[in-house]
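Breakdown of the fold
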Amino acid sequence: MSTEAELKTLLAQVMNRLETVTARLEKLEGNTTNSTKSSTSNSTCECGDVPKAVQAFKELIEEYLKPQVEAAQGFDEILGKCMNDFLNVAEQVSGLIEVAAKSQKPTQEEFQKMIQPISEKMMAVGEYKDKNFKSPYINYLSAIGEAVPVFGWICVEKTPAPYVADLIPGSEFYTNKVLVATKGKEQNKYDWALNFIKFLKEMVVYIKQYHTTGLTWNPKGGVASAQAAPVAPKVETPKEEPKPVVKQQQPNPAGLFAELNKGTAISGGLKHVTADMKTKNMKPEDKLNQ
């Protein structure tokens, strides 16, 4: 009997300890959840030395965009260059987000200087579809060209996420054409079209979380300047042989204005046309001799 009593006592002690451990674990889990929510809501909360908003955008590029760049480079040389330039724009925006996370909001004039390199690169991406409209990959190039304006969200205040969401259908119009053309035939190209749009939609999710009412700046940060902004990498282009310049005879503006200034006198040197010289007054046999 004593053995049975001791066993019951031991079991009771074990149960008490289990309840204590469980309570501690639940408390710890609650603290961890609250901490996670707090860090998620704060776009300037740091993950190591990197602000959370910056880290999240870098992950977005790594997971959803870079694989599509590599795939495009395998499809076509021009398409690969276009996607690489698109990636460069995304990386410049990433750099700007990092500057913003550490800096106070600059003046509008200074901000325009900061985003100038991004704007120029965006324009270059948009030109691919215009310069290569006969390419068999025109739908791909058009999808990218229609998508590149989404990076303009960095300039949009109050509604940056809806701004991006409204632009996606323009790009999706062309990726849908790619999907129709490649379904069941070329899976890698089919996947490219799906994942390219996936990147754009994930960007909307990212903006809603970290930049709800516009690019987030740090009120306690340093002074932002154009020198700190990301610069587009220089791409060396092959030098073309200079084409011979054909000299064309240019009109003489002075002579032209001199003639115009004559007014009615400009017709003074013309031969007078008499009534019998007019075609409507000629005899049939005279018309044949003209």
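Residues numbered from 1 in each chain as written. Predicted model: local features only at pLDDT ≥ 70, side-chain atom pairs only at ≥ 80, totals over all residues. Heavy atoms only, no water.

As annotated in an unreviewed UniProt entry, the protein carries the name Adenylyl cyclase-associated protein, putative and is attributed to Entamoeba histolytica HM-1:IMSS-B. Quoted verbatim from the Sequence similarities (unreviewed entry) field of UniProt, the annotation for the protein is "Belongs to the CAP family." (UniProt positions renumbered as here; feature names shortened; annotations may be inferred.)

1. Here's the deal with the overall build of the protein
Tallying secondary structure elements over the protein gives nine helices and four strands in all. Mapped in sequence order, the helices and strands of the protein form the string α-β-β-α-α-β-α-α-α-α-β-α-α. Burial statistics for the protein: of 290 residues in total, 32% are counted as buried. Relative to all contacts within the protein whose residues are 6 or more apart in sequence, the contacts with residues 24 or more apart total 75%. In the form shown here, the protein has an accessible surface area of approximately 19500 Å², with 54% of it arising from carbon and sulfur atoms. (Helix = DSSP H or I, 4+ residues; strand = E, 2+ residues; numbered from the N terminus. Buried < 20%, exposed > 50% of the residue type's maximum accessible area, 1.4 Å probe, protein only. Contact = heavy atoms within 4.5 Å. Areas by Shrake-Rupley, 256 points an atom, 1.4 Å probe, with all protein chains shown as cover.)

2. With respect to the packing of aromatic side chains
With the rule as written, the count across this model stands at eleven aromatic pairs. Within the aromatic cluster, the residues linked to one another by ring pairs are Phe-75, Phe-86, Tyr-137, Tyr-140, Phe-151, Trp-192, Phe-196 and Phe-199. Positioned over the ring face of Phe-75 is Lys-189, at 5.6 Å from the centre of the ring. (Phe/Tyr/Trp six-rings, centres within 6.5 Å; stacked < 30°, edge-to-face > 60°. Lys NZ or Arg CZ within 6 Å of the ring centre and 35° of its normal.)

3. Observations regarding the environment of Phe-199
Its place among the elements puts Phe-199 in helix H7 (residues 187-210). Distance from Phe-199 to Glu-63, taken between C-alpha atoms, is 8.6 Å for residues 136 residues apart in sequence. Each residue touching Phe-199, except ones within four places of it in the same chain, is listed here: Leu-60, Tyr-64, Leu-65, Phe-86 and Phe-151.

4. Digging into the packing of helix H3 (residues 77-102) against helix H4 (residues 108-131)
The relative placement of two packed helices is expressed as an angle between their axes plus a distance between the axes. Taken N-terminus to C-terminus, the directions of H3 and H4 make an angle of 165°; their axes are 9 Å apart at the nearest point. Considering the angle they form, H3 stands roughly antiparallel to H4. In terms of crossing hand, the pair formed by H3 and H4 is left-handed. Side by side, H3 and H4 meet where Ile-78, Lys-81, Cys-82, Asp-85, Phe-86, Asn-88, Val-89, Gln-92, Val-93, Leu-96 and Val-99 of the first sit next to Phe-111, Met-114, Ile-115, Pro-117, Ile-118, Lys-121, Met-122, Val-125 and Tyr-128 of the second. Here the residues of the contact of H3 with H4 sort into 15 nonpolar, two polar and three charged. (Axes fitted to C-alpha atoms, helices over the stretch in contact; angles between N-to-C directions. Parallel < 35°, antiparallel > 145°, perpendicular 65-115°, else oblique. Left-handed = near helix turned anticlockwise from the far one by under 90°. Nonpolar A, V, L, I, M, F, W, Y, C, P; charged D, E, K, R; others polar.)

5. Considerations on the side chain of Asp-85
Note that Asp-85 resides in helix H3. Within the structure, Asp-85 has its side chain in polar contact with the side chain of Tyr-128 (distance 2.8 Å). If near-sequence neighbours (up to four positions away) are discounted, Asp-85 is found in contact with Lys-121, Val-125 and Tyr-128. (Polar contact = N/O pair within 3.5 Å; in protein donor to acceptor, adjacent residues only side chain to side chain.)

6. What about the nonpolar core?
Burial of nonpolar side chains together is a common tendency in soluble globular proteins. Phe-86, Phe-151, Trp-153 and Tyr-206 are the most contacted members of the largest nonpolar core, which totals 61 residues. Elements represented by at least two residues in this core include exactly helix H2 (52-75), H3, H4, helix H5 (138-147), helix H6 (160-182) and H7. If sequence neighbours within four positions are ignored, Phe-151 has contacts with Phe-86, Val-89, Ala-90, Val-93, Met-122, Phe-199 and Met-203. (Core = buried A, V, L, I, M, F, W, Y, C linked by side-chain atoms within 4.5 Å.)

7. Side note on H6
The end-to-end C-alpha distance of H6, which contains 23 residues, comes to 33 Å, matching closely the 33 Å that a straight helix rising 1.5 Å per residue would cover. The largest bend along H6 measures about 30° and falls at Ser-171. Following H6 by one or two positions, Gly-184 has its phi on the positive side, about 75°. (Expected span 1.5 Å × (residues − 1). Bend = angle between axes of the 7 residues up to and from the residue.)

8. A short note on the packing of H3 against H7
Look at H3 against H7: their axes get within 15 Å of each other, and the N-to-C directions meet at 15°. Between H3 and H7, the angle is such that the two are roughly parallel. For H3 against H7, the interelement crossing comes out left-handed. Within the contact between the two elements, H3 uses Met-83, Phe-86 and Ile-97 and H7 uses Trp-192, Phe-196, Phe-199, Leu-200 and Tyr-206.

9. Considering the pattern of salt bridges
Considering all chains together, one arrives at ten salt bridges under this definition. Ionic pairing is found between Lys-66 and Glu-62, a salt bridge with its closest N-O pair at 2.7 Å. In this pair, Lys-66 and Glu-62 are both assigned in helix H2, four residues apart and thus about one turn of the helix distant. According to the relative accessible area criterion, Lys-66 is partly exposed, its value standing at 26%. Close ionic contact of Glu-77 with Lys-81 constitutes a salt bridge, the shortest N to O distance being 3.6 Å. Residue Glu-77 and its partner Lys-81 are located together in helix H3, separated by four residues, close to a single helical turn. A relative accessible area of 58% means that Glu-77 is categorised as exposed. Since its relative accessible area comes to 43%, Lys-81 is described here as partly exposed. (Salt bridge = Lys/Arg side-chain N within 4 Å of Asp/Glu carboxyl O.)

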